Amino acid sequence: MAAKPRKLKKEPRRGATPLVEKPAREFRWPTIAIKIHWAWLVTPVVLVAGFYAAQWMMVRWPITGIEVEGRLSVWTPEKIAEKVVWVKDQGFFTADLQTVHDVVAELPLLTNVVIRKKWPGTIVISAYEDVAMAAWNDDKLLSINGSLMAIPEGFNASNLAKIKSNAEYTDIAVRGFRKVQQMLSDMGVTVTELTISDTGSVDIVLSNQWQVAFGRRNFEERVRRLHRLLQKLPNQNVAMVDLRYGKGAAIGWQSVQEKG
């Protein structure tokens, strides 16, 4: 049987072993790092720009119009708008609506004043007029709700009833005027003048030309007495009625000359 050939062992390589250099790897920022990097650069710019844009809008976004609505007869929308035209110098977001309200509410006869904004640049004023009931001492108006106010420019108060009284008797004059108007309304006569003296004595002139003296006491009872007299006496013959008595009245009659 033939013998197997013996494998020869490799002899170790003699000499220096050459080094194989690995290629250098290029450094790359991770994608998320790039995004964060740009965010840090852009965000402050956006924030600063947004801040100044918001500040400009708050201060400079202009009010361009004033609208007036409501029940008006003495005042016109244009006249009311003229009183607060200065609000157009203010920004839409910073406009002083409270001052606008106070100015409008102080105007004679105006009540139920509401101020609001309407985008993009309008101030809307809602207001209603009170009803003037009488002229007070020839320089003020007495409204139907009992308020005293200045006479609006151009307002004709010649057809209103006239009340003359000092400030001490304001409440008495208002209540007395209303009471007589209310209690005599079914008789077709109204108060044309009401005067309260410095001692508090009340005198009135009716639309039928009666001059009536009430005195200082028992006003409501004396108004009822006047109502009964209006039912019984011929209006055209009476000149004066004095109710300053316990239960009766003194009647002053017109003369023939006064009738003619």
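See the structure printed just above.
Rules used in this analysis
Residues numbered from 1 in each chain as written. Predicted model: local features only at pLDDT ≥ 70, side-chain atom pairs only at ≥ 80, totals over all residues. Heavy atoms only, no water. Core = buried A, V, L, I, M, F, W, Y, C linked by side-chain atoms within 4.5 Å. Buried < 20%, exposed > 50% of the residue type's maximum accessible area, 1.4 Å probe, protein only. Contact = heavy atoms within 4.5 Å. Helix = DSSP H or I, 4+ residues; strand = E, 2+ residues; numbered from the N terminus. Expected span 1.5 Å × (residues − 1). Pairing = 2+ DSSP bridges. Axes fitted to C-alpha atoms, helices over the stretch in contact; angles between N-to-C directions. Salt bridge = Lys/Arg side-chain N within 4 Å of Asp/Glu carboxyl O. Polar contact = N/O pair within 3.5 Å; in protein donor to acceptor, adjacent residues only side chain to side chain.

Visitor: Whenever I open this one, the nonpolar core confuses me. Can you help?
Guide: Nonpolar side chains in soluble globular proteins generally cluster together in the buried interior. One finds Leu194, Ile204, Trp210, Val212, Phe214 and Leu226 to be the most contacted residues of the largest nonpolar core, which totals 32 residues. Ignoring any residue separated from it by four or fewer positions in sequence, one finds Val212 in contact with Val202, Asp203, Ile204, Leu206, Leu226, Val241 and Leu243.

Visitor: How should helix α4 (residues 170-183) be read in this particular structure?
Guide: Every α-helix carries 3.6 residues per turn, so stepping three or four residues along brings you back to the same face. Here α4 spans 20 Å end to end across 14 residues, near enough to the 20 Å set by a 1.5 Å rise per residue. All of the buried residues along α4 are Thr170, Ala173, Val174, Gly176, Phe177, Val180 and Met183.

Visitor: Looking at this structure, how should I read unusual backbone geometry?
Guide: Residues apart from glycine generally show negative phi values, whereas peptide bonds are mostly found in trans. Residue Trp119 is joined to Pro120 through a cis peptide bond whose omega torsion reads 10 degrees. The residue Pro120 is located in the loop between β2 (110-118) and β3 (122-129) in this model. Here Leu109, not a glycine, exhibits a phi torsion of approximately 80 degrees, which is positive. One can find Leu109 in the loop between α3 (97-105) and β2. In this structure, Asn137 takes a positive phi of about 50 degrees despite not being glycine. For Asn137, the position within the fold is in the loop between β4 (132-136) and β5 (140-143). Take Asn137: its relative accessible area is 31%, and that puts it in the partly exposed class.

Visitor: What am I meant to see in the sheet that holds β3 here?
Guide: The strands that make up a sheet are held in pairs by hydrogen bonds between backbone atoms, and each pair lies either parallel or antiparallel. The strand order across the open sheet built from three strands is β1-β3-β2, with neighbouring strands paired in mixed fashion. Each having just a single partner strand, β1 (65-69) and β2 make up the two edges of the open sheet. Between one strand axis and the next, the sheet turns by 20 degrees as a mean value, whatever way the strands run. The pairing of β2 with β3 spans seven bridges and is antiparallel. Each residue of the ladder has a partner; that of Ile115, found in β3, is Ile125. With respect to the sheet, α3 is in contact with β2 and β3, its orientation differing from that of β2 by roughly 155 degrees.

Visitor: Even after reading the chapter, I still don't get the pairing of strand β11 (residues 238-242), so can you show me in this structure?
Guide: On a regular strand, each side chain points to the face opposite its neighbour's, so the side chains alternate between the two faces of the sheet. Of all five residues that make up β11, four are buried, and the element is covered over most of its length. Sheet analysis places strand β10 (residues 211-215) next to β11, joined by three bridges and oriented parallel. Within β11, the residue paired with Val212 across the bridge is Val241. By the bridge criterion, four bridges tie β11 to strand β12 (residues 250-253) in an arrangement that is antiparallel. Within β12, the position partnered with Val241 by the bridge is Ile251.

Visitor: Just checking my understanding: could you explain the pattern of salt bridges for this structure?
Guide: A side chain with one charge can pair with a side chain of the opposite charge if their charged atoms come near. Inspection of every chain in the model, using the stated rule, returns six salt bridges. Between Glu220 and Arg224 there is a salt bridge, and its shortest N-O distance comes to 3.5 Å. Taken together, the residues span about one helical turn, with Glu220 and Arg224 both in helix α5 (residues 219-232) at a distance of four residues. Residue classification places Glu220 among the partly exposed residues on the basis of a relative accessible area of 40%.

Visitor: Looking at this structure, how should I read α5?
Guide: When the terminal C-alpha atoms of α5 are compared, their 20 Å separation across 14 residues agrees well with the 20 Å that a helix rising 1.5 Å per residue should span. Those residues of α5 that fall on the buried side of the exposure criterion are Phe219, Arg222, Val223, Arg225, Leu226, His227, Leu229 and Leu230. In the core, the buried residues of α5 are packed alongside α4, β9 (202-206), β10, β11 and β12.

Visitor: Can you walk me through the side chain of Thr170 in this structure?
Guide: Checked against the element boundaries, Thr170 lands in helix α4. A polar atom in the side chain of Thr170 sits 2.9 Å from the backbone oxygen of Ala167. Apart from residues no more than four positions distant in its own chain, Thr170 is found in contact with Trp136, Leu148 and Ser165.

Visitor: What am I meant to see in the sheet that holds strand β8 (residues 191-196) here?
Guide: Taken in spatial order, the nine strands line up as β6-β5-β4-β7-β8-β9-β10-β11-β12 in an open sheet, and their pairing is mixed. Each end of this open sheet is capped by a strand with a single partner; those strands are β6 (148-150) and β12. Strand after strand, the sheet turns through a mean of 20 degrees between neighbouring axes, direction not considered. With three bridges connecting them, β5 and β6 associate as antiparallel partners. The residue bridging Leu142 from the neighbouring strand is Leu148, located in β6. Packed on one face of the sheet, α4 meets β4, β5, β6, β7 (161-164), β8, β9 and β10 and runs near 150 degrees to β8.

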